[in-house]
Amino acid sequence: MKEETTTIRPFTAAAFNQYLAEHKLMTVKCSKCGGVYAPPRAICPKCHSEEMEWVEASGKSKLAGFTIIYSGPTFMVEQGFDKKNPYVSGIVELEEGTFISARITGLDMSKPAEIKVGTPLSADFVEFGEGEAKKTYLAFKAIH
Ligand SMILES: [Zn+2]
């Protein structure tokens, strides 16, 4: 299962999710122009180069925008989120310079007015489910 770490994984969402399961937040960097992307892209949108490489992100980031979700997709409802227990979906700016959307954890949902753009964040890997059905997804945790 684990011996494929030396081979380059394809630049797909599936590979990105596989890295998440290993608690790694990976970006894809263009070797030609230095552009950094997450989720991954096989072709650089800036210079159209196909010379991409996986680069692990530090997870250091800040909140660039957010929405409070009171009625989420089934996946979130299954985890107990609803009108009475909303969650925050944010646009996160990674220190590597790319933006990614993810759930934001560690916020005081009883005081939504205190959630601020610019809040420093770190990568958080949320595991949900058991055994075969276990999934790891990316979230970002507010640093207080
Ligand atoms: Zn490029």
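Rules of the game
Residues numbered from 1 in each chain as written. Predicted model: local features only at pLDDT ≥ 70, side-chain atom pairs only at ≥ 80, totals over all residues. Helix = DSSP H or I, 4+ residues; strand = E, 2+ residues; numbered from the N terminus. Buried ≥ 20, exposed ≤ 12 C-beta atoms within 10 Å, placed from the backbone. Domains from an automatic or database assignment. Contact = placed C-beta atoms within 7 Å. Nonpolar A, V, L, I, M, F, W, Y, C, P; charged D, E, K, R; others polar. Core = buried A, V, L, I, M, F, W, Y, C linked by C-beta atoms within 7 Å.

### Some details on unusual backbone geometry
So, point 1. For the peptide bond that leads from Ala-38 to Pro-39, omega is -5°, which places it in the cis range.
So, point 2. When you line up the elements, Pro-39 lands in the loop between strand S2 (36-37) and strand S3 (52-56).
So, point 3. The phi dihedral of His-23 falls on the positive side, at around 60°, and the residue is not glycine.
So, point 4. Its location among the elements puts His-23 in the loop between helix H1 (13-21) and strand S1 (26-30).
So, point 5. A count of 13 C-beta atoms within 10 Å places His-23 in the partly exposed class.

### With respect to the domain arrangement of the protein
So, point 1. Under the domain assignment, the protein is made up of domain 1 (8-56) and domain 2 (61-142).
So, point 2. The centre of domain 1, based on its C-alpha atoms, is set 22 Å off from the matching centre of domain 2.
So, point 3. Counting from both sides, the interface comprises eight residues of domain 1 and, opposite them, 10 residues of domain 2.
So, point 4. At the level of secondary structure, the elements contributing two or more residues to the side of domain 1 that touches domain 2 comprise H1 and S2.
So, point 5. A breakdown of the residues in the side of domain 1 that touches domain 2 according to their chemical character gives six nonpolar, two polar and no charged.

### As for the nonpolar core
So, point 1. In this structure, Val-92, Ala-102, Ile-104, Leu-121 and Phe-140 are the most contacted members of the largest nonpolar core, which totals 24 residues.
So, point 2. When contributions to this core are tallied by element, the ones reaching two or more residues are S1, strand S5 (87-94), strand S6 (99-105), strand S7 (120-128) and strand S8 (135-142).
So, point 3. Those residues in contact with Leu-121 that sit more than four places away from it in its chain are Ser-61, Lys-62, Leu-63, Val-92, Ile-104, Phe-140, Lys-141, Ala-142 and Ile-143.

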